[in-house]
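# Fold and contact review
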Amino acid sequence: MSAGRADTDDGASRAFELLAEPVRRWIWQQGWSELRDVQERAVPAILGGGDVILAARTAAGKTEAAFLPLLSQALPRLDGRRPGFCVVYVSPLKALINDQFRRLEGLLEACGMPLHRWHGDVSADAKRKARERPQGVVLITPESLEATLVRRGGEAARLFGNLDAVVVDELHAFVGTERGRQLQSVLSRIEVAAGRDRIDRIGLSATLGDMALAREALRPGEPDSVRLVESAEGGADLLLQVRGYECPRRPEPPPGGGGTDVAAVGVAAAEPVAAHLFEVLRGRRNLLFAGSRQNVEVYTDHLRAMSEAARLPNEFFAHHGNLARAEREAVEARLREDGRPTTAVATTTLELGIDIGDVESVAQIGPGWSVSSLRQRLGRSGRRRGVPSVLRIYVSEDAFAPTLHPADRLRLDVVQAVAMIGLLLDRWCEPPRVGGLHLSTLVQQTLALIAQTGGLRPDTAWQVLCRHGPFRNVGRDLFVEVLRAVARREAALVEMSPDGLLMLGPAGERLVAGHDFYAVFQVDEEYRVLAEGGKLLGTLPLDSTLATGQTIIFNGRRWRVESIDARARALLVSPTNAALPPRFGGGWAGVHDRVAAAMRDTLIGAGVPAFLDAGARALLEQARHAFREYGLAHDAIVAVGRDCVIFPWVGGPKLDTFALALLARNFQASPVRHAIEVRDCSAPGLRAIVSELARSPPPDGEALARLAAKPMRERYDPYLTEALLARVAAAERLEAHEVPNVARRILGRSA
DNA sequence: GACCTGCTGCGGCCTG
C-alpha cells in the first residue's frame, strides 16, 4: 500500500525495528500489518535528532509518525527522570487537541506515560495536577503556553527543561500570521528559560505551498537545519465539475435608500443550485462549503425544506463560527461516528484537521478564496483506497445584460474557478506572505517577556526576541523606536526602572493582568459607517483597504469616503453618483498574483476544460467574448461613461498599491474585484499618468500607506505611532516597488 | 466578496 517503503531485505520494516518494545506491542495490538509511508520515513528521521517537517496528506498517520519515535526515545530514560514533560504538542484548535487526546490515549497508556490536555476548556484542577507532576506528553494551545510563561515564568525550567521535542500540528495555519509569530517567540522563550540551546521541533502539515518558507517558519534563521519528510503516498483520483448558473439581475435599490433585501435575493439565486445539491448529496456523506455564514444558513434551510417536502428525514446541518460549540460538535460526531447520510454545510470551520472521518464528496459555492483552501477541502474526501475525491463547484453570475459592469461581464467567478483548478492540478498553492514586521505581536511579546522575567534590560529583550528570536527583521534601532512608542505617556505600557530595567507601566500591568492578554489576534473589529448628520448606516469589516476619496458600496448604494477616524473606528461617507451600476460589497481580499495571471490566460485562451458543465461553458464563452470586445488583450483600460476601469491582472497587494499610487496623483481610484475603478477621468488622461508612473522611480511605500485608512488592524496597533504603523503596512500589505512594473503591464496591453 | 482561531486566577457559593 505504501509507496517508497524502506523495507529491509527480509521484508521487515526497518523503522519498526527502531521502535521501543512497548510501542511495537501497541502497534501489534492495533492490528496494523505495516507502517504507513510517512511513518516509515519519519521514524529514522526523528530518532536522528534535529528539526523535522512531516508533510503528508490528511489522515496519512502524521500524528503517529511523530509520536512513535518520540515515545520510543523517551521510554528508556523514563526511570529516574527529572521532572518535566517529554513532549509538548501544540495545536491551533482546542477541538483538535480533544481529537488527538482520544487518539493518543491508548498509545501513552501502553508506554506507561501520562497524557495531559491543556487548554481553556480543561479544568483548572487538571492543569494544576499536570503542573505539579510534569511528566509525559502535554497537548496545548499557543495561548495556554503563553499563559504558563507569563503567570509562572519561574517554573518554566522545571516544566520544559527536559523536553525531547515540541510538535507543531497544522504548521501551515501558523506560517506568516501574527499567531504564528507568537508561537515562534514562545518556543524560543521556552528554550531560553529552560537553558537549552535548542529543543527539537517537529512540524506537521498537509498543505505547505513552499517548503523553504515552512522550514524558516519552524526554525527562524536556520531553515537549512530543518529536514523534510514528504510522503509520496496518497493522491486519490479526482472527479471534478464546475457548474455555472445565470441568475436574474439583483433589483436596483429604491431611490432614497431603504436598500434591497439581500438575503431574499440570495435565496432566489440559491434555488437552482440547491435543487442540484439536493439531488447529488442526498443519501451520502458530504461537506458543502457555502462561503459565508449567511450562505450557510440559506442553503441549510433550503436543503432541509426540500427534505421535508420529500418526506425524508433531514440530513443537512449547519456548521459555522457563530453556532454554539455543542451544535457544532454534534454535527462533527454525526459525520464521524453515525452511519446515517449527513451533509455538513460549513464555512471554513471544517477545513482544518478536526476528525470527521472520510466524506464521499465535497461541494463549494463560488470559486473560494485560495487554491490552498481548495486543496485543504479536497483532502476531506477520497481517503479510502480506490475511491476518488469528488469536488463540485457551483458558480452563479448575473443574467447577461449590456448594462452590466465590465467586471460582471467578464464572469470573473467562473474564470477564477477555472484558473484555480488549473493551478490545483499543477500541484501549486499560494505560499504564505512572510517578511512581515508583526510589530503588534512584538509589543505583546515584550510585555509577556517582562512579566515572565520580572523585568530585564532593553538589550536583553532585543537579543531574546529579535536577534535570537523570531523578530529577525527588527534591528536594534527599530526595537528602540517601538519601546519609545509604548513608553509614551499616552501608551504607558512600559517604563524604565532607575537601575535600567524594562518594567511594566500602569497600562501594561492592566493589560498583562487581563484574561484576554494571551491571544495576539484581533477579533470583531469593524468601522462604523456614518452618513451626514452622524446617521449610522452600519458597520464594515476593518480588513478592507480604504482611503479618503474612494468609493464604497454599502446598503446597495455608492458612497464617497469623506473622512476616516482610525482611532474611533469610524468612516464618514456621503452619497455619490456613478456611471457604473451599483454592486454589493466593497471589501475584496484579493487573489495571489499567479491566480490573477492564470485568469488572464483563461480569458485569452480558447480551450474549454472538460470539467465545465453546459452552464459554465456558456458563461466562459460570454466572458471571452466580453474580453475581446473590450480589447483587454491589448488595452487594460476600459472607459465607462465618465469613469474608467483598469484590469491589470495582478494580485490583491499590487492592486491596492496601484490604486493608492493613482490616488496620490489625485485620481479617485478604488480597488474592486480584480480591477481598479477610477472616477471622473478620461482614458487618455489616465493613460498619460500610468505612463508617467511606468517611467518614474517607485513611490515611497510608507507615504502610500499613510493615504490608506486602517493602520489599526492588529491587536496592539493602537499603542504604536503613525510612523511605525505606516512602516508595518508598507512592509506587509503593499508592494510599492512594483508600481512601475504594474504600470508597464497596463501599458504593454495598450501598445 | 469572506472565514477562522484563543484565554487565568480568585472569591464566593453549593453539594456531598
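Per an unreviewed UniProt entry, chain A is named ATP-dependent helicase Lhr and Lhr-like helicase, and its organism is Methylobacterium pseudosasicola.

### Comments concerning the overall build of chain A
Within chain A, the regular secondary structure consists of 27 helices and 24 strands. In chain A, the share of contacts with a sequence separation of at least 24, taken over all contacts with a separation of at least 6, comes to 73%. If you sum the accessible surface of chain A, you get close to 30,700 Å²; carbon and sulfur atoms cover 50% of it.

### Description of the environment of Ala-610
Following the sequence through the fold, Ala-610 ends up in the loop between α21 (593-604) and α22 (614-629). Remark: the alpha-carbon pair of Ala-610 and Leu-720, spanning 110 residues in sequence, is separated by 53 Å.

### Examining the sheet that holds strand β21 (residues 637-640)
Pairing in this open sheet of four strands is antiparallel, and the strands run β21-β22-β24-β23 from one edge to the other. With partners counted over all chains shown, the strands left at the sheet margins are β21 and β23 (668-672), one partner each. Neighbouring strand axes in the sheet, compared pairwise and without regard to direction, differ in orientation by 25 degrees on average. In this sheet, strand β22 (residues 643-646) lies alongside β21 in antiparallel orientation, the contact comprising four bridges. Note on β22: the bridge partner recorded for Val-638 is Val-645.

### Digging into the sheet that holds strand β9 (residues 285-289)
Hydrogen bonding along the main chain pairs the strands of a sheet, whether they run parallel or antiparallel. Read across the open sheet, the six strands follow the order β8-β13-β12-β9-β11-β10; overall the sheet is parallel. With partners counted over all chains shown, the strands left at the sheet margins are β8 (238-247) and β10 (316-319), one partner each. Neighbouring strand axes in the sheet, compared pairwise and without regard to direction, differ in orientation by 20 degrees on average. Here β10 runs beside strand β11 (residues 342-346); their pairing, made up of four bridges, is parallel.

### A short note on the pattern of salt bridges
Under the definition given, this model contains 38 salt bridges. In this structure, Asp-125 and Arg-128 form a salt bridge, with 2.4 Å as the shortest nitrogen-oxygen distance. Of this pair, Asp-125 and Arg-128 are both found in helix α6 (residues 124-132), three residues apart, which corresponds to roughly one turn of the helix. Residue classification places Asp-125 among the partly exposed residues on the basis of a relative accessible area of 33%. For Arg-128, a relative accessible area of 33% puts it in the partly exposed group. In this structure, Glu-735 and Lys-654 form a salt bridge, with 2.8 Å as the shortest nitrogen-oxygen distance.

### Let's talk about the nonpolar core
Counting residues in each nonpolar core, the largest one holds 55 residues, and the members touching the most others are Val-242, Leu-410 and Phe-647. The element contributing the most residues to this core is helix α16 (residues 412-425), with 10 residues. Per-domain counts for this core show at least three residues from each of domain 2 (238-425) and domain 4 (526-589 + 634-750). Membership of the second largest hydrophobic core comes to 44 residues, among which are Val-23, Ala-66, Phe-67 and Val-167.

### Overview of the pairing of strand β13 (residues 389-398)
Taken across its 10 residues, β13 has nine buried, putting it largely inside the fold. Across 10 bridges, the pairing between β8 and β13 is parallel. Its bridge partner being in β13, Gly-244 is matched across the sheet by Val-395. In terms of strand pairing, strand β12 (residues 361-365) meets β13 through four bridges, oriented parallel. Residue pairing across strands places Ile-365 opposite Tyr-394, the latter belonging to β13.

### What about unusual backbone geometry?
The backbone of Arg-427 shows a phi angle near 65 degrees, a positive value even though the residue is not glycine. With respect to the helices, strands and loops of the structure, Arg-427 is situated in the loop between α16 and α17 (439-453). Overall, Arg-427 belongs to the exposed group, its relative accessible area being 70%.

### As for the packing of aromatic side chains
Two measures describe an aromatic ring pair: the distance that separates the ring centres and the angle between the ring planes. Counted by the stated rule, this structure contains 10 aromatic pairs. On the numbers, 6.3 Å between centres and 45 degrees between planes, the contact of Phe-67 with Tyr-89 is tilted. Here Tyr-89 lies in strand β2 (residues 87-90) and Phe-67 lies in helix α4 (residues 62-74), a separation of 22 residues in the sequence. Taking the relative accessible area as the measure of exposure, Phe-67 reaches 0% and is therefore buried. For Tyr-89, a relative accessible area of 0% translates into the label buried.

### Things to note about the environment of Leu-47
Within the fold, Leu-47 resides in helix α3 (residues 37-47). Here Leu-47 falls in the partly exposed class, since its relative accessible area comes to 28%. Sequence-wise, Leu-47 and Leu-18 are 29 residues apart; in three dimensions their C-alpha atoms are separated by 8.5 Å. Ignoring anything within four residues of it in the chain, the contact list for Leu-47 reads Leu-18, Pro-69 and Gln-73.

### Some remarks on α21
With 12 residues, α21 extends 17 Å between its outermost C-alpha atoms, agreeing within 8% with the 16 Å of an ideal straight helix rising 1.5 Å per residue. Residues Val-595, Ala-596, Ala-598, Met-599, Arg-600, Thr-602 and Leu-603 constitute the buried set of α21. Considering only its buried residues, α21 is in contact with α14 (371-378), α16 and α22.

### Focus on the side chain of Lys-127
Mapped onto the secondary structure, Lys-127 falls in helix α6. This buried residue, Lys-127, is left without a salt bridge; Asp-121 holds the nearest opposite charge, at 7.9 Å. Here Lys-127 is in contact with Trp-118, His-119, Gly-120 and Val-122, once residues within four sequence places are set aside.

### Looking at helix α19 (residues 476-487)
In this model, α19 (12 residues) spans 16 Å end to end at C-alpha, consistent with the 16 Å of a helix rising 1.5 Å per residue. Those residues of α19 that sit buried are Leu-478, Phe-479, Val-482, Leu-483, Ala-485 and Val-486. Seen along its axis, α19 keeps its buried residues to an arc of 160 degrees; they face one direction. Exposed and oriented more than 90 degrees from the buried face of α19 are Asp-477 and Arg-484. Structurally, α19 contributes buried residues whose contacts are with α17, α18 (458-467), β14 (494-496), β15 (502-504) and α26 (722-732).

### With respect to the confidence of the model for chain A
With 89% of its residues at a pLDDT of 70 or more, chain A has an overall mean of 87. Within the model, the stretch residues 1-11 combines pLDDT values under 50 with 21 contacts to residues more than four positions away or in other chains. Of the regions scoring below 50 in pLDDT, residues 252-266 engages in 18 contacts with residues more than four places distant in sequence or in other chains.

### Topic: the pairing of strand β1 (residues 51-55)
A regular strand places its side chains so that they alternate between the two faces of the sheet. Burial runs high along β1: five of the five residues are buried. Every second residue of β1 is oriented toward a common face, with Asp-51, Ile-53 and Ala-55 on one face and Val-52 and Leu-54 on the other, all of them buried. Across five bridges, β1 lies against strand β7 (residues 226-230) in parallel orientation. Counterpart to Leu-54 in the pairing with β7 is Val-229. Note: β1 against strand β6 (residues 200-205), four bridges, orientation parallel. Each bridged residue has a counterpart across the sheet, and for Ala-55 the counterpart in β6 is Ser-205.

What counts as what
- Residues numbered from 1 in each chain as written.
- Chains lettered and ligands numbered in written order.
- Predicted model: local features only at pLDDT ≥ 70, side-chain atom pairs only at ≥ 80, totals over all residues.
- Heavy atoms only, no water.
- Helix = DSSP H or I, 4+ residues; strand = E, 2+ residues; numbered from the N terminus.
- Contact = heavy atoms within 4.5 Å.
- Areas by Shrake-Rupley, 256 points an atom, 1.4 Å probe, with all protein chains shown as cover.
- Pairing = 2+ DSSP bridges.
- Axes fitted to C-alpha atoms, helices over the stretch in contact; angles between N-to-C directions.
- Salt bridge = Lys/Arg side-chain N within 4 Å of Asp/Glu carboxyl O.
- Buried < 20%, exposed > 50% of the residue type's maximum accessible area, 1.4 Å probe, protein only.
- Core = buried A, V, L, I, M, F, W, Y, C linked by side-chain atoms within 4.5 Å.
- Domains from an automatic or database assignment.
- Phe/Tyr/Trp six-rings, centres within 6.5 Å; stacked < 30°, edge-to-face > 60°.
- Expected span 1.5 Å × (residues − 1).
- Lys, Arg positive; Asp, Glu negative; His and termini not counted.
- Arc of directions from axis to C-beta.
- pLDDT = per-residue confidence, 0-100.

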